[in-house]
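Each chain, letter by letter, is given below.
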Amino acid sequence: MNIVVCVKQVPDTATERKLRSDDKTLDRDAADGVINELCEYAVEEALRLKEAHGGEVTVLTMGPDKASDTIRKALAMGADKAVHLVDDALHGSDALGTSYALAQTLKKIGFDLVVLGSESTDARTGVLAAMLAERLGVPQLTFANKVEVDPSAAKAGSGGSIAIQRVTDYGYDRVEASLPAVVSVVEKINEPRYPSFKGIMAAKKKPVEKLGVADAEIDASQVGLANSWSEVADFAAAPPRAAGTIVKDEGDGGAKTADFLASKKFV
Amino acid sequence: MSEILVLVEHVEGQVKKVTLELLTLARKLGTPSAVWAGPGYSPEAKARLAEHGAEKIYVADSADVNDYVVAPKAELLAQLVSEKSPAAVFVAATAEAKEIAGRLAIKIDSGVLTDVVGVEDGLVADQSIFGGGVNVRSRVTKGTPIVAVRPNATPVEAAAGAGAEEQVSVAVSETARSARIVERVKEEKGARPELTEAAIVVSGGRGVGSAENFSIIEKLADSLGAAVGASRAATDAGWYPHQFQVGQTGKTVSPQLYIAAGISGAIQHRAGMQTAKTIVAINKDPEAPIFELADFGVVGDLNQVVPQLTDEVAKRK
Ligand SMILES: Cc1cc2nc3c(=O)[nH]c(=O)nc-3n(C[C@H](O)[C@H](O)[C@H](O)COP(=O)(O)OP(=O)(O)OC[C@H]3O[C@@H](n4cnc5c(N)ncnc54)[C@H](O)[C@@H]3O)c2cc1C
Ligand SMILES: Nc1ncnc2c1ncn2[C@@H]1O[C@H](COP(=O)(O)O)[C@@H](O)[C@H]1O
């Protein structure tokens, strides 16, 4: 099975994240870039599916040069190879542009299964997997906390079936489809492995193919900041929350809290 | 005024509060038309939508729309957009409705804004990003704006609308039928308000200590008419069901009041509750990051503080 896992580099949530004052896009230089947490779960799931059914795991990232750190991390976990979509023309793409660029690349490199995280910590749109399914015309199996692939899908191109548990407000839905398909995962699905020393060393030798917009047959008029479908008009730091009142419980903490709630008319 | 399509959120035939919020918001910017997708439409649902300003109600209540993941609803909305040329499409910023919005955006070649907390004239949207640290105003620049609005961002106001019904038939395409829902598993929920819609949420974390002890959180919630939430540590431990998890990978809530008991306030938890209007924290560790957000905090053992608070709330009713 030919599995492609889409991973994204995001600014470390533990550091202060900013927008750039010049073009109002995410300031990727202000904070350390790390792999989006949910993408680690996506990589782990891809690796487990490969281990169970055979095949190959390809990492796909769209991002600036420094996103290659994130690719190495996924390769160190055990992915076989990577495609790095990198081109200045892609800077500032919104979800529509990003999904278009990734879809074009996926069509070019081919896939039986595409695995994504269900959300990133920076954009938090949570729409990318649905958009990819729409653009690729393949089944959307998103918000999975469990993925089962039928073994007859073992050979690339042979189709096969897939089922997931899709997390919902009320519990979950069981969803069935056939391959090729797009899957997104939630963090309940697995426990991502730590790269071993051997894995880290091996990652250095794994092939990473760099593609530009033209290589991936991406129409440059559909990507980048100037061609986005939406724009940031302006932004400002949120006013800081006024410092709260913190009391130590002296046997009356509950009563004091009730006083506070009463003062705010909650009781 | 121009028409704004509002996709109705409903469970078991009941219109959810967020839809009334969206209708209220849409009324300020145009003329709202409700779009009902899936089975369960009823005269009660119609009345509720009309009471909150729906001038029209497009009804596509075939089972087909519901039996496949997301895609049929996007097709329905795309069909309505091409027939009615609305000024905008509003959906709730729930996981599923955002996906519908995403697919719709591609179908009609329009921009989409997610997790919006307010919409101003000219369809300029307010968003709160980076866990509440930055406020952004953004707008769609191509096509028909698709806006996913967070629950609890708009106070509901009633206002009569005509509620004129129009049946819509959708021919769900083969592609949209490719991911079939074969079973829906409902995890018990009880009588409490729904987490994302509740005005008050009381959440428990690892500090609660056990599944049994979550009853003290539930009692406090019930005394306040609140929903119960949980941190990931608590859902992972199996103390409380997953669908009640608040945070980056759980539900995003913006209630009037959020009470966190035995929760440290990790960044991933904060991402799901930071926009609550008032935050109360109970934690035995004075250094817990949750106190940085709290309007009121008690450093103490939740096993003492929470039951006392529950009693005090009951007394003051
Ligand atoms: C990809 C990813 C996604 C995640 N998504 C989420 C998410 O959606 N939601 C989420 O919540 N987390 C999420 N997390 C986990 C998050 O990082 C934290 O681990 C989690 O929020 C911690 O839960 P907690 O605060 O209950 O537990 P802890 O951090 O262990 O805190 C427990 C707190 O309880 C206090 N306490 C203990 N006993 C008592 C007592 N008797 N009385 C009073 N206080 C007491 C302690 O002082 C401590 O501050 C995610 C993590 C990852 C990697
Ligand atoms: N630039 C990108 N390159 C590769 N994958 C991406 C990119 N942006 C988003 N994704 C994927 O889409 C998921 C959801 O991201 P988002 O829509 O930004 O919340 C992520 O977990 C990734 O799997």
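Predicted, not measured: the structure shown is a model, and the values here were computed from it.

A look at the pairing of strand β7 (residues 140-149) of chain A
Residues and elements named next belong to chain A.
Right, so step 1: Burial within β7 is extensive, with eight of its 10 residues counted as buried.
Right, so step 2: Examined bridge by bridge, β7 and strand β10 (residues 181-185) share three bridges and lie parallel to one another. Bridge assignment links Q140 to a residue of β10, and that residue is V182.
Right, so step 3: Summarising the sheet, β7 and strand β8 (residues 161-167) pair through five bridges and their orientation is antiparallel. Within the sheet, the bridge partner assigned to V149 lies in β8 and is I162.

Some thoughts on the sheet that holds β7(A)
Right, so step 1: Taken in spatial order, the 10 strands of this open sheet run β11(A)-β5(A)-β4(A)-β1(A)-β6(A)-β10(A)-β7(A)-β8(A)-β9(A)-β12(B), and their pairing is mixed. Unpaired on one side and paired on the other, β11 (208-211) of chain A together with β12 (180-186) of chain B mark the two borders of the sheet. Averaged over all pairs of adjacent strands, the angle between their axes in this sheet comes to 30 degrees, without regard to strand direction.
Right, so step 2: With three bridges connecting them, strand β1 (residues 2-6) of chain A and strand β6 (residues 113-117) of chain A associate as parallel partners. By the bridge assignment, A:I3 is partnered in β6(A) with A:L113.
Right, so step 3: Seen against the sheet, helix α1 (residues 37-53) of chain A touches β1, β4 (56-62), β6, β7 and β10 of chain A and runs at an angle of roughly 170 degrees to β1(A).

Things to note about the packing of aromatic side chains
Right, so step 1: As enumerated under the stated definition, the model contains four aromatic pairs over all chains in all.
Right, so step 2: Taken together, a centroid distance of 4.6 Å and an interplanar angle of 25 degrees make the contact between B:F214 and B:Y240 stacked. Within this pair, whereas B:F214 is found in helix α5 (residues 214-224), its partner B:Y240 is found in the loop between α6 (232-236) and β15 (257-261), the two being separated by 26 residues in sequence. Side by side, B:F214 and B:Y240 carry an identical accessibility label, which is buried.
Right, so step 3: Three or more aromatic residues joined by ring pairs form one cluster here, namely B:F214, B:Y240 and B:F244.
Right, so step 4: The ring of A:W229 has B:K142 sitting right over it, with the charged end atom 3.9 Å from the ring centre.
Right, so step 5: Across from the ring centre of A:Y170, 5.2 Å away, lies the NZ or CZ of B:K186, which sits over that ring.

Overview of the domain arrangement of chain B
All names here are of chain B.
Right, so step 1: Taken domain by domain, chain B holds domain 1 (3-178) and domain 2 (195-315).
Right, so step 2: The straight-line distance from the C-alpha centre of domain 1 to that of domain 2 is 30 Å.
Right, so step 3: Contacts between the two partners involve nine residues from domain 1, matched on the other side by nine residues from domain 2.
Right, so step 4: Among the residues domain 1 hides against domain 2, the three largest losses belong to G131, R150 and N152. Together they make up 57% of the total.
Right, so step 5: Remark: the boundary between domain 1 and domain 2 carries five residue pairs in polar contact (both at pLDDT 80 or more).
Right, so step 6: Class assignment of the residues belonging to the side of domain 1 that touches domain 2 gives a composition of two nonpolar, four polar and three charged.

A few points about the packing of helix α6 (residues 253-263) of chain A against helix α9 (residues 302-315) of chain B
Right, so step 1: The contact between α6(A) and α9(B) brings their axes to 7 Å, and the two run at 50 degrees. Overall, the two elements α6(A) and α9(B) adopt an arrangement that is oblique. Note on packing geometry: the crossing formed by α6(A) with α9(B) is right-handed. Facing A:G253, A:G254, A:A255, A:T257, A:A258 and A:L261 of α6(A), the residues of α9(B) in contact are B:V305, B:Q308, B:L309 and B:E312.
Right, so step 2: Classifying every residue of the contact of α6(A) with α9(B) gives five nonpolar, four polar and one charged.

Considering the interface of chain A and chain B
Size of an interface: often given as the accessible area lost when the parts come together.
Right, so step 1: Contacts between the two partners involve 76 residues from chain A, matched on the other side by 87 residues from chain B.
Right, so step 2: Together chain A and chain B conceal approximately 6,900 Å² of surface at their shared face, both sides included; 55% is due to carbon and sulfur atoms.
Right, so step 3: At the junction of chain A and chain B, the tally comes to 12 salt bridges.
Right, so step 4: Measuring nitrogen to oxygen at the nearest pair gives 2.8 Å for the salt bridge that ties A:D259 to B:R316.
Right, so step 5: Counting the contacts that link chain A with chain B gives 41 residue pairs in polar contact (both at pLDDT 80 or more).

Observations regarding the state of the cysteines
Residues and elements named next belong to chain A.
Right, so step 1: Enumeration over the complete set of coordinates arrives at zero disulfides over all chains.
Right, so step 2: Looking at the unpaired C6, the closest cysteine sulfur is the one in C39, lying at 8.3 Å.
Right, so step 3: Take C6: its relative accessible area is 6%, and that puts it in the buried class.
Right, so step 4: Residue class for C39 comes out buried when judged on its relative accessible area of 3%.

Thoughts on unusual backbone geometry
Right, so step 1: In this structure, the amide linkage connecting A:L179 to the following residue, A:P180, adopts the cis form with an omega of 0 degrees.
Right, so step 2: For A:P180, the position within the fold is in the loop between β9 (171-178) and β10.
Right, so step 3: For B:E12, which is not glycine, the phi torsion reads 45 degrees and is therefore positive.
Right, so step 4: Note on placement: B:E12 falls in the loop between β2 (10-11) and β3 (14-15).

Some details on the packing of helix α3 (residues 71-84) of chain B against helix α4 (residues 95-108) of chain B
Residue and element names in this part refer to chain B.
Right, so step 1: Direction vectors running N to C along α3 and α4 enclose 50 degrees, while the axes themselves pass 8 Å from each other. Relative to α4, the element α3 lies oblique. Handedness of the α3/α4 crossing: right-handed. Along the contact surface, α3 presents A71, K73, A74, E75, L77, A78 and V81, while α4 presents E96, I100, R103, L104, K107 and I108.
Right, so step 2: Residue composition of the contact of α3 with α4, grouped by class: eight nonpolar, no polar and five charged.

Rules and cut-offs
- Residues numbered from 1 in each chain as written.
- Chains lettered and ligands numbered in written order.
- Predicted model: local features only at pLDDT ≥ 70, side-chain atom pairs only at ≥ 80, totals over all residues.
- Heavy atoms only, no water.
- Buried < 20%, exposed > 50% of the residue type's maximum accessible area, 1.4 Å probe, protein only.
- Helix = DSSP H or I, 4+ residues; strand = E, 2+ residues; numbered from the N terminus.
- Pairing = 2+ DSSP bridges.
- Axes fitted to C-alpha atoms, helices over the stretch in contact; angles between N-to-C directions.
- Contact = heavy atoms within 4.5 Å.
- Phe/Tyr/Trp six-rings, centres within 6.5 Å; stacked < 30°, edge-to-face > 60°.
- Lys NZ or Arg CZ within 6 Å of the ring centre and 35° of its normal.
- Domains from an automatic or database assignment.
- Buried area = accessible area lost by both parts, 1.4 Å probe.
- Polar contact = N/O pair within 3.5 Å; in protein donor to acceptor, adjacent residues only side chain to side chain.
- Nonpolar A, V, L, I, M, F, W, Y, C, P; charged D, E, K, R; others polar.
- Parallel < 35°, antiparallel > 145°, perpendicular 65-115°, else oblique.
- Left-handed = near helix turned anticlockwise from the far one by under 90°.
- Salt bridge = Lys/Arg side-chain N within 4 Å of Asp/Glu carboxyl O.
- Disulfide = S-S within 2.5 Å.

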